[in-house]
Each structure stands twice: as structure tokens, then as C-alpha cells.
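Analysis of the macromolecular model
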Amino acid sequence: MPDVGEGLTEAEILKWYVQPGDTVEDGQVVCEVETAKAAVELPIPFDGTVHELRFPEGTTVDVGQVIISVNVGGGTAPEAPAAEAAPVVQAAAPAPVAPAVEEEAEPQGRTPVLVGYGVAASSTKRRPRKAAQGAVPAAPAAPAQAVPAVVPVPVAVPVSVPEQLNGHGPGAGRPLAKPPVRKLAKDLGVDLATVTPTGPDGIITREDVHAAAAPAPAPAVEAPAPVAEPVAVPAAAQAVQTVQAAPAVSTDARETRVPVKGVRKATAAAMVGSAFTAPHVTEFVTFDITRTMKLVEELKSGTDMAGLRVNPLLLIAKAVLVAVRRNPEINAAWDEAAQEIVLKHYVNLGIAAATPRGLLVPNIKDAHAQTLPELSASLSELISTARDGKTTPAAMQGGTFTITNVGVFGVDTGTPILNPGESAILAVGAIKLQPWVHKGKVKPRQVTTLALSFDHRLVDGELGSKFLADVAAILEQPKRLISWA
């Protein structure tokens, strides 16, 4: 699994585009993975034939782990030590299988691959565990026993019984688990020796403990039978078996536990960090947006915007950009380390988008410099790319101000949480026909509510109020888009 250069440590394999036995070429996309920020397609960096897929779809893999092996010359290469597991794939070269995998790797730098770089070699290594009495000694390579269909071309790699079963079996040592997981198991009355580990290096995770404590699944979803005897199976194949053996959800349970990963994990961390770091203040304004709605219809029928998507969000975004120009201090960030306020002289306008992967906030770079047709094209591309799950990590970085349109769900407004690194976010409520006093008479008018949340460390109430009032005034009288620009 490559390091895509965004500081991410893991990714989930969404889809394999190849199967064992397929021929691949240099640069061919072999799988799609989902990081905490985006879905990324991974290419293969050489020609060859797929020998083995190390992990099934839906598995979360740490950066640096080998996920696929490829025969590049008709043979199979020995398993690489963990310190060398940097490339996105393992290339299999013509060589006999090594009798053991305990040789110390030579210090190496980060290996370039087609997507970013491999992880740097670690300066520390894990102390090998002592083999228990009765452990099966390393033996020369031999044909492996039957392996599930996800590994159709198995290769035997000698593995000692205690390492293979993580404490399950004759002469096994203490199961591997972190202190919080041990406490959880104790609280739930779960014997760790009976838990099947799914974590890296055979470590028992919280999910494993919860799965062991859950009611037994119905026969229809019965897990595969546990391993009864030590079998010489590749370590990666064993990992696949372990992942498949873990019960997903009990059909008779009253609760369903969903692992927190990917976009949800990143969103949760960002929102908690923002909510408990920046002192939030939210202000509201309700106003008549009828004239802006009429302008939307006029632009749709005009030739200047032919072929472009015109909607209220487009004019709201333009109003925000004009209001930022009138109140530039709203477009800033708080630098805690340097104890400075960073004023941004550009606007990277973020648009919160609900996608099948979760909430994404890509941004339009230098939106302040775009004309209305250019802004329309940028908005359309941003939203369609997000819904297709093709938003890149770069598209979600560097935002300076965000708009979230909760009105599409029919709600009046909300109290949005700041996107980390920004000082303000605007929530747009539903546009509804309501009785409104217009020119001294009560008439049905189209009315909406805006909510502005801002960081009170650098945005005072006066600045936040002026900015919000400017946005509302522009949308009440859209001709101000010209006179105030």
C-alpha cells in the first residue's frame, strides 16, 4: 500500500480490477482504494502476471503492506521483510522460496512508485517472539494445503505455530492486545485466548472483542470452522482467512456496530478538533430572496449562461465572494503555534457535498478571481466529481471559507461547525414561500435563513454581523453584485 503523500497511514481496498492469472502492464490500474480523504486508483509499476491478491475487497490495509504479488519472470520471489514492504506491490522474480524470513534488511531509502513513495524504512524493529515448545520448525517450500478462492495460487512460507495463530493452539503464549482492549475484554467477560485477531501482526482489536461478545450468528451466516492443526500457509493468505472468519453482524442482534474508518473517521476527528478548539459563535438572518430567485430564472433563459448550471447556490456563492471583498478579515485563519492571525488574500471556496462516501468539502481554488460563468462551471465540476467519488485529496486542502447548503433537505437552517483551518462557514436554509411584508403589504414572498458560524478568537461580533448582513443584502437586491463588486 503506497503512501500517497498526504500523511495517511491506512486505506481500504474498495475494488480489485484484476484477478490471479491476469496479465498486467506498466501503468495499468489494478485496484481502487479509499483513504480518509478520497478514493484513489492504484496502477502497477511493471509488466507481469498477477500471482496473488493479498487482501480481499473491504479490507483496511496499513501503508507499507504488500497487497499484490506479480510474476515478472516466471518465478516467485521470497517474501520481503516488513521494513522493505514499501512498494505498492511485490514483484516476483525467478528465485527459489527462501527457507525462512528472518534476515535483517539492508537500510534503504523511500522507494518511488507510481503513486507517491513507499514508506521510509523504520529505524526500529519488533523483537521476535520466542518459539514455544512444540512449534513446527521451518521446512523447505512445499505445496500448500487447500486455501480459500481469494488466494488461488498459494505458496508455502514456513511460519511457526505461535506466530501463525497468535496464541491459539498448543503451547501458545499470551494473546497480543493493547491494555484498553484487555480492559474491554475483562469488562465484557471475554477470554482473549478465544478471540480471533484481525489486527496487524495478529493483534486483537476492540472490534474483535465486541464480535466475540456478540450473540452467536444464525446458521445462515455461520463463520468458517477454526483451524484445527498447524498448516503451512502464507502469512498474507492467513490474514485473508482471518478477515473472512470474523463475523460481520449477528442477524438476531438489537444493535449493529459499524467500523469507523475512511471519510467518517477523518470527519469525526476534524469536527471534534474544531468544536473543542475554536470558540464557535453562530448568527442568523432571515430575509426576502425573491429577487435573486427571479434573477436565477432570467439567467437560465439567457444566452450568456447557456449550457451552464444556474441555481440559487451559484448566486449565493457569488454574494459570499463579494461580501468577503468588503470584509476581508473574515477570510483568515488562526495560527496557534505562531500566535498569529493569517489573513488570506485569496478565496478557496469550499462547498460541503453529501456523497455515498460521506461528507466531503472540496474547494474551488481562487474562486474570488472567477467570473459568474467560470464559477458555475467550477461548481458543477466540483459537485459531480464529489458524487462520483473521484474527489482528490488536493481538492479538499487549502480551503478558506465554506458554504453548506442544508436547505436541500428541507430544513430552515443549522449551526454548522467550522472546517479546520477556516474562520467562518455559512449554512443556507430552505427557500420557502411565506407571508412577508413587502412595500407595506403582506404578500407571499420567497424567504430563507442564513446561519454564519465563526471563530470568535479572530472574528468579533461586529465583523461577523457585517459580513452576514452584506450577504443577505446582496441576495435581497442582487444588483449589488455589480454595484458592490
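Considering the overall build of the protein chain
Per the secondary structure count, the protein chain includes 10 helices and 19 strands. Counting every atom, the protein chain has about 25,500 Å² of accessible surface; 56% of that belongs to carbon and sulfur.

Focus: the packing of helix α7 (residues 312–326) against helix α8 (residues 372–387)
Orientation of α7 relative to α8, taken along the N-to-C sense of each, is 120 degrees, at an axis distance of 10 Å. Put simply, α7 runs oblique to α8. Note on packing geometry: the crossing formed by α7 with α8 is right-handed. Residues Leu314, Leu315, Ala317, Lys318 and Leu321 of α7 form the contact with α8, whose own contacting residues are Leu372, Leu375, Ser376 and Leu379.

Points about the pairing of strand β18 (residues 432–438)
Two strands pair when backbone bridges link them, and β18 and strand β19 (residues 441–455) are joined in this way by seven bridges, in the antiparallel orientation. Residue valine 437 lies in a different strand from β19, and its bridge partner there is valine 442. Joining the antiparallel neighbours β18 and β19 is a turn of two residues, in which lysine 439 adopts a positive phi near 55 degrees.

What about the sheet that holds strand β4 (residues 39–43)?
If you trace the four strands from one edge of the open sheet to the other, you get β4-β3-β1-β6, paired in antiparallel fashion. A strand with exactly one partner marks an edge of an open sheet, and here the two such strands are β4 and β6 (60–62). Going from strand to strand, the sheet's axes swing by 40 degrees on average, the running direction of each strand aside. Across five bridges, strand β3 (residues 29–34) lies against β4 in antiparallel orientation. By the bridge assignment, valine 33 is partnered in β4 with valine 40.

Quick word on empty space enclosed by the protein
Scanning the model with the defined rule gives two cavities of 30 Å³ or more in all. Approximately 40 Å³ is the volume attributed to the second largest cavity. Those elements that place two or more of their residues in the lining of the second largest cavity are α7 and α8. Top contributing element to the lining of the second largest cavity by residue count: α8, with three residues. Its residues assigned to classes, the lining of the second largest cavity shows four nonpolar, two polar and one charged.

A short note on the confidence of the model for the protein chain
Summarising the model, the protein chain shows a mean pLDDT of 76, and 69% of its residues fall at 70 or more. In this model, residues 76–127 is a region of pLDDT below 50 whose contacts with residues beyond four sequence positions or in other chains number 104 contacts. This stretch, residues 217–247, has a pLDDT under 50; its non-local contacts, to residues over four places away or in other chains, come to 40 contacts.

Rules used throughout
- Residues numbered from 1 in each chain as written.
- Predicted model: local features only at pLDDT ≥ 70, side-chain atom pairs only at ≥ 80, totals over all residues.
- Heavy atoms only, no water.
- Helix = DSSP H or I, 4+ residues; strand = E, 2+ residues; numbered from the N terminus.
- Areas by Shrake-Rupley, 256 points an atom, 1.4 Å probe, with all protein chains shown as cover.
- Axes fitted to C-alpha atoms, helices over the stretch in contact; angles between N-to-C directions.
- Parallel < 35°, antiparallel > 145°, perpendicular 65-115°, else oblique.
- Left-handed = near helix turned anticlockwise from the far one by under 90°.
- Contact = heavy atoms within 4.5 Å.
- Pairing = 2+ DSSP bridges.
- 1 Å grid on protein atoms, 1.4 Å probe; cavity = no way out; pocket = protein on both sides within 12 Å on 5 of 7 lines; lining within 4 Å.
- Points joined across faces, edges and corners; volume = space filled by probe spheres on them.
- Nonpolar A, V, L, I, M, F, W, Y, C, P; charged D, E, K, R; others polar.
- pLDDT = per-residue confidence, 0-100.

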